[in-house]
Protein chains: 4
Amino acid sequence: MSDERIEAGARDAEAGPRFTVAEASLEPIYMQLASQVKRHVASGMLAPGDELPSVRRLANDLGVSKMTISKAFQLLESQGCLVRRRGRPLVVSDGVPRRAGPAVELLRPTLERAAQEASELGLTPEQALQLFGNVLSAADTRRTVKSKMPAAMPAA
Amino acid sequence: MSDERIEAGARDAEAGPRFTVAEASLEPIYMQLASQVKRHVASGMLAPGDELPSVRRLANDLGVSKMTISKAFQLLESQGCLVRRRGRPLVVSDGVPRRAGPAVELLRPTLERAAQEASELGLTPEQALQLFGNVLSAADTRRTVKSKMPAAMPAA
Amino acid sequence: MSDERIEAGARDAEAGPRFTVAEASLEPIYMQLASQVKRHVASGMLAPGDELPSVRRLANDLGVSKMTISKAFQLLESQGCLVRRRGRPLVVSDGVPRRAGPAVELLRPTLERAAQEASELGLTPEQALQLFGNVLSAADTRRTVKSKMPAAMPAA
Amino acid sequence: MSDERIEAGARDAEAGPRFTVAEASLEPIYMQLASQVKRHVASGMLAPGDELPSVRRLANDLGVSKMTISKAFQLLESQGCLVRRRGRPLVVSDGVPRRAGPAVELLRPTLERAAQEASELGLTPEQALQLFGNVLSAADTRRTVKSKMPAAMPAA
DNA sequence: GTGGTCTAGACCACG
DNA sequence: GTGGTCTAGACCACA
């Protein structure tokens, strides 16, 4: 992860999903957030019925406008992923637990893109796989180092 | 590669680089093209001195505006990747063969993104690696099957 | 129609859909617009493939912000009613011609509300029907008077 | 009335006004309630001097916050429709029995909106009228069927 | 010219 | 406190 990311949520002992945006990315911020929420739902990090961080807090933590967060949430609501309740934080819908199949399927598009790029780069599948292995290890290490505590208990 | 892609180049006996764009993608077409050219250069598919297809032809084949192709080339020229010569097609610069290190490095950002997503999806590195293996195999198979004619050999 | 409405589109000989917003209404402007577009599609006033007025023009004519128009269109796109094409005006989708059944069904919710209110007002169905008849006549008259020409030919 | 409605009042032998709110509606609940009370007053279902259900009871029956009920009542009080007396339930004011003319006038705005929508849908006044007739019949039937007990007589 | 993204801030509705 | 709506204006991407 060479690009700078701004993080929000789940710090310290708090056990919640982490939200990050890559400012440098060309992908609109609200889309980064929306797909991130979907991944957190797919992973179980966000369960149906869970409340999301408030728009204001996220906007503040991530350093983006309230409207941008709102837009992300609105997109997710239009896709049936979140539900609105008057005057309450948004909540993960329980009607549509996983609309794109199991968690693993949400990763496929990115990997397909990687495969396409690897092919254009003239890399063999083996080379591509090995590089991914390296990248995964590096990420894992970084993560492990970062949180010295056993990752915050799952069911706090 | 579930999304529809429009292809151009490397047909018949001609063994040249293949250009494709995903209309549905949110990534600007000119950027898709520019990064694709860079990958072809990194892979050696396009060597320094090689001529690129004409703007008109690419625009026609890919079904996009000439402006869009121009913009991609313009971007590459401004990065020193292509050079323009009076009334001639653009050629690959030999001054800056690989500005991002070996080919493998151009794949890293996408894989880092995949790793980040895998982590958010709660997948283990092993699961992510396995899925990538599947995807690479599928892509390889598809490619092999597709080109019955001895056109451009599958990079491997 | 006692409330003031700001109109846009389809003036003079131009035969296009008319867009209006009621400023005084509590219904958000973008929702007023979105449901209006749906009605125009259901009526055939807007056919699949037709382009909508540009965001800027509508915003200007209706005296609202560009973002507000954009939000209405975005909502319609998320419902599959409009489709976006790079750098072109939005267009009525042909994939989902009428997702709520025939035109008449789009009127039902409002009439159900009216029926509920009539009942609470202690009106008999006959009284309610008669009042609706009066209102329809009034509207019809007003419309006829307004456009002295034969309403602009349907298939211009 | 396809939307779910939560009801309160007029149960058992008690013959009083019925209050309902549509949770899913975008219209604020307190406004739904306030306009409903006005209709009940216009219909005579609530006569000047009649007491309204207590805030607590309505809140409980309708499953909304007491604040919301209070807000509705406050609005009505500020409009002179209800009057507050020390420690007693609110009663219908006799000063302003029908501030918008006869009952039928309270229905007009909704019917005007329906007429506007019908026009945008390309329906003839005859079609619109017929649909309203159907809707009124359906509502009437449902109501008759629903109340097997000789509770509050259907208004007719 | 088209639409899209984002911001900063004001104001509203609901609890 | 929550989210929603709207604005005015800046900047970007695409034709």
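Residues numbered from 1 in each chain as written. Chains lettered and ligands numbered in written order. Predicted model: local features only at pLDDT ≥ 70, side-chain atom pairs only at ≥ 80, totals over all residues. Heavy atoms only, no water.

Draft legend 1. Looking closely at the protein's contact with DNA strand E. Around DNA strand E, 27 residues are found, and the nearest of them are A:Thr68, C:Arg84, D:Pro28, D:Tyr30 and D:Thr68. Here a phosphate oxygen of DNA strand E sits 2.4 Å away from a polar atom, N or O, in the side chain of A:Thr68. C:Ser70 places a polar side-chain atom, nitrogen or oxygen, 3.2 Å from a phosphate oxygen of DNA strand E. Where the surface near DNA strand E is concerned, the elements lending two or more residues are helix H1 (29–43) and helix H3 (66–78) of chain A, helix H2 (55–62) and helix H3 (66–78) of chain C together with helix H1 (29–43) and helix H3 (66–78) of chain D. For the surface near DNA strand E, the element with the highest residue contribution is H3(A), accounting for 4 residues. Broken down by class, the residue content of the surface near DNA strand E amounts to 12 nonpolar, 7 polar and 8 charged. (Near = heavy atom within 4 Å. Polar contact = N/O pair within 3.5 Å; in protein donor to acceptor, adjacent residues only side chain to side chain. Helix = DSSP H or I, 4+ residues; strand = E, 2+ residues; numbered from the N terminus. Nonpolar A, V, L, I, M, F, W, Y, C, P; charged D, E, K, R; others polar.)

Draft legend 2. The side chain of C:Thr20, seen in detail. Along the chain, C:Thr20 turns up in strand S2 (residues 19–22). With a relative accessible area of 5%, C:Thr20 lands in the buried category. Among residues more than four places away in sequence, those in contact with C:Thr20 are C:Arg5, C:Ile6, C:Glu7, C:Gln36, C:Leu62 and D:Gln116. (Buried < 20%, exposed > 50% of the residue type's maximum accessible area, 1.4 Å probe, protein only. Contact = heavy atoms within 4.5 Å.)

Draft legend 3. A look at the protein's contact with DNA strand F. The immediate surroundings of DNA strand F are formed by 27 residues, with A:Arg84, B:Pro28, B:Tyr30, B:Thr68 and C:Thr68 found nearest. Atoms of DNA strand F within 4 Å of the protein belong to the sugar or the phosphate in 61% of instances, the rest to bases. At 3.3 Å from a phosphate oxygen of DNA strand F is found a main-chain nitrogen or oxygen belonging to B:Pro28. A distance of 2.4 Å separates a phosphate oxygen of DNA strand F from a polar backbone atom of C:Ile29. When residues of the surface near DNA strand F are traced back to their parent elements, those giving at least two are helix H2 (55–62) and H3 of chain A, helix H1 (29–43) and helix H3 (66–78) of chain B together with helix H1 (29–43) and H3 of chain C.

Draft legend 4. Region of the structure containing the UniProt feature "domain: HTH gntR-type" (unreviewed entry) in chain A. UniProt feature "domain: HTH gntR-type" (unreviewed entry): in the numbering of this structure it lies at residues 27–95 of chain A. Structurally, residues 27–95 of chain A is divided into 52% helix and 6% strand, and its ends, taken at the C-alpha atoms, are 28 Å apart. (UniProt positions renumbered as here; feature names shortened; annotations may be inferred.)

Draft legend 5. Local environment of the relation of the copies chain A and chain B. In screw terms, the move from chain A to chain B is a rotation of 180° and a rise of 0.0 Å along the axis, fitting with an RMSD of 0.2 Å. Each copy turns onto its partner about a two-fold axis. Of all interface residues in chain A, 98% are interface residues in chain B too; the two copies therefore contact each other through one and the same surface. (Least-squares fit on C-alpha atoms with pLDDT ≥ 70 in both.)

Draft legend 6. Representation of the packing of helix H4 (residues 103–120) of chain C against H1(D). Where H4(C) meets H1(D), the axes come as close as 8 Å, and the angle between the chain directions of the two elements is 45°. The orientation of H4(C) relative to H1(D) falls into the category oblique. Judged by residue contacts, C:Gln116, C:Glu117 and C:Glu120 of H4(C) engage D:Gln36, D:Arg39, D:His40 and D:Ser43 from H1(D). Per-class residue counts for the contact of H4(C) with H1(D) are no nonpolar, 4 polar and 3 charged. (Axes fitted to C-alpha atoms, helices over the stretch in contact; angles between N-to-C directions. Parallel < 35°, antiparallel > 145°, perpendicular 65-115°, else oblique.)

Draft legend 7. Region of the structure containing the pattern of salt bridges. Considering all chains together, one arrives at 34 salt bridges over all chains under this definition. Put simply, A:Arg57 and A:Asp61 hold a salt bridge, and the shortest N to O gap is 3.4 Å. A residue pair is termed a helical-turn pair when its members lie 3 or 4 positions apart in one helix, as A:Arg57 and A:Asp61 do in helix H2 at 4 residues. In this structure A:Arg57 comes out as partly exposed when scored by relative accessible area, which is 33%. A salt bridge links C:Arg113 to D:Glu27; its shortest N-O distance comes to 3.7 Å. One end of the pair, C:Arg113, is in helix H4; the other, D:Glu27, is in the loop between strand S2 (19–21) and H1, on a second chain. We classify D:Glu27 as partly exposed; its relative accessible area is 23%. Among the charged side chains, a salt-bridge network with shared partners connects A:Glu27, A:Arg39, B:Arg113, B:Glu117 and B:Glu120. (Salt bridge = Lys/Arg side-chain N within 4 Å of Asp/Glu carboxyl O.)

Draft legend 8. Here's a closer look at the pairing of strand S2 (residues 19–22) of chain A. All names here are of chain A. Burial along S2 is two-sided: the face carrying Phe19 and Val21 and the face carrying Thr20 and Ala22 are both buried. For strand S1 (residues 5–8) and S2, the ladder comprises 4 bridges, and the chain directions are antiparallel. Directly across from alanine 8, in S2, lies its bridge partner phenylalanine 19. (Pairing = 2+ DSSP bridges.)

Draft legend 9. Looking closely at the interface of chain A and chain B. Each partner contributes residues to the interface: chain A has 41 residues there, and chain B has 41 residues. Each partner contributes to the roughly 4300 Å² buried at the junction of chain A and chain B, and carbon and sulfur atoms together form 68% of this total. Along the contact surface separating chain A from chain B lie 6 salt bridges. Two residues, A:Glu120 and B:Arg39, come together in a salt bridge whose shortest N-O distance is 2.6 Å. Where chain A touches chain B, the interface holds 8 residue pairs in polar contact (both at pLDDT 80 or more). Where the side of chain A that touches chain B is concerned, the elements lending two or more residues are H1, helix H4 (103–120) and helix H5 (125–146) of chain A. (Buried area = accessible area lost by both parts, 1.4 Å probe.)

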